[in-house]
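# Observations on the three-dimensional arrangement
Each chain, letter by letter, is given below.
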Amino acid sequence: MPSNDARNLLQTAAPTAAVGVIAVAVSGAVAGGKGALGAAVGTLLAVLFMGIGLYVLQWTAKTLPHLFQAMGLMLYVAQLLLLLIFVALFKGTSLFNPKAFAIALVVATVVWMAAQARAHMKAKIFYVDPDSEKSEKYEKTGSRS
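Procedures and definitions
Note on numbering: residues in each chain are counted from 1, in written sequence order. Given that this is a predicted model, residues contribute local features only at a pLDDT of at least 70 and side-chain atom pairs are listed and counted only at 80 or more, while totals for whole chains, interfaces and linings are drawn from all residues. As a rule here, side-chain values come from all non-hydrogen atoms in the structure, and water together with hydrogens is ignored. Helix numbering and strand numbering both begin at the N terminus, where a helix is a DSSP run of H or I of at least 4 residues and a strand a DSSP run of E of at least 2. Per-residue accessibility, obtained with a 1.4 Å probe over protein chains only, is compared with the maximum for each type, and a residue is labelled buried under 20%, exposed over 50%, and partly exposed between these values. Residue contacts are counted whenever heavy atoms from the two residues lie within 4.5 Å of one another. In these notes, a set of buried Ala, Val, Leu, Ile, Met, Phe, Trp, Tyr and Cys residues joined through side-chain atoms within 4.5 Å is what counts as a nonpolar core. To estimate the expected span of a helix, count its residues, drop one, and scale the result by 1.5 Å. Here a polar contact is taken to be a pair of N or O atoms separated by no more than 3.5 Å, where protein atoms must pair a possible hydrogen donor with a possible acceptor and residues adjacent in sequence count only if both atoms sit in side chains. What counts as a ring pair is set by centres within 6.5 Å for rings of Phe, Tyr and Trp (its six-membered ring), and what kind of pair is set by the plane angle: stacked under 30 degrees, edge-to-face over 60, tilted for all other angles. Of the grid points, spaced at 1 Å and generated over the protein atoms alone, those admitting a 1.4 Å probe that cannot get out make up cavities, while open sets with protein on both sides within 12 Å along at least five of seven lines make up pockets; any residue with an atom within 4 Å of a point is treated as lining. Grid points are joined across faces, edges and corners, and a volume is the space filled by probe spheres set on the points. The directions from the helix axis to the C-beta atoms are what the arc is built from.

Turning next to the overall build of the protein. Secondary structure assignment for the protein yields three helices and zero strands. Starting at the N terminus and ending at the C terminus, the protein contains elements arranged as α-α-α. A buried classification covers 28% of the 145 residues belonging to the protein. Taking all contacts inside the protein whose residues are at least 6 apart in sequence as the whole, residues at least 24 apart take part in 71%.

Right, let's talk about the environment of G33 for a bit. Along the chain, G33 turns up in helix α1 (residues 3–63). For G33, a relative accessible area of 59% gives the class exposed. In the structure, G33 is positioned 63 residues away from F96 in sequence and 8.1 Å away in space, judged by C-alpha atoms.

Looking at soluble globular proteins, one finds that nonpolar side chains tend to be buried together. The biggest cluster of nonpolar side chains holds eleven residues, and these are L45, A46, F49, M50, L54, L83, F96, F101, L105, A108 and W112. Looking at this core, the elements with two or more residues in it are α1 and α3 (98–122). Those residues in contact with M50, other than ones at most four positions away along the chain, are Q79, L83, T109, W112 and M113.

This brings us to α3. Residues spaced three or four apart along an α-helix face the same direction, because each turn holds 3.6 residues. If you check α3, its first and last C-alpha atoms are 36 Å apart, about what 25 residues at 1.5 Å a residue would give, namely 36 Å. At the N-terminal end of α3, a side-chain oxygen is found 3.0 Å from the backbone nitrogen of K99, two or three residues along, and the residue is N97.

Moving on, we get to the packing of aromatic side chains. Counted by the stated rule, this structure contains two aromatic pairs. When the centroid spacing of 5.4 Å and the interplanar angle of 80° are considered together, the rings of F49 and F86 count as edge-to-face. Of this pair, F49 sits in helix α1 while F86 sits in helix α2 (residues 68–89), placing them 37 residues apart in sequence. On the basis of relative accessible area, F86 is assigned to the partly exposed category, the value being 25%. Ring geometry for F96 and F101: centres 5.2 Å apart, planes at 40°, overall tilted. For F101, a relative accessible area of 1% gives the class buried.

Here we take up empty space enclosed by the protein. Going through the model one piece at a time under the given rule, you end up with one cavity of 30 Å³ or more. What the largest cavity holds in volume is close to 30 Å³. The wall of the largest cavity is formed by M50, G53, L54, L57, L75, Y76, Q79, W112 and Q116. With four residues, α1 is the largest single contributor of residues to the lining of the largest cavity.

Between its first and last C-alpha atoms α2 spans 31 Å; for 22 residues at 1.5 Å apiece the expected length is 32 Å, and the two agree. Those residues of α2 lying buried are G72, L75, Q79 and L83. The arc that holds every buried residue of α2, seen down its axis, measures 65°, which confines them to one face. The outward face of α2, more than 90 degrees from its buried face, is lined by the exposed residues L73, M74, L84, A88 and L89.

As structure tokens, this is what we get:
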């Protein structure tokens, strides 16, 4: 993973993990062990889905740049739908507290998206590739008079 991608991942995953730890602590205090487990599973699921999405988006930017915007929109819609499906599937579970799971999942997802937007805005990304082989000297194509 190039250093810019790793930096972007760190700037998005670290705040999400911090909020996840807070969510686990609060859920554990409010709903006990099952609440803490639900918050941990919700945070882990959000980090996993969003991390995979970030990887796919960066891969698309490098290999298929003409599909980047469409892939980004499709990816975010797919992620949110999958997270909604997970919330619906675990709505009545007895393995952990479903409310703590849902709240931690939504909060971690929102924090990830906000941190990703902030990391992208702070990144110094060239809009012209200075090392491109195509940037050789321009040849004159007009007539010589």
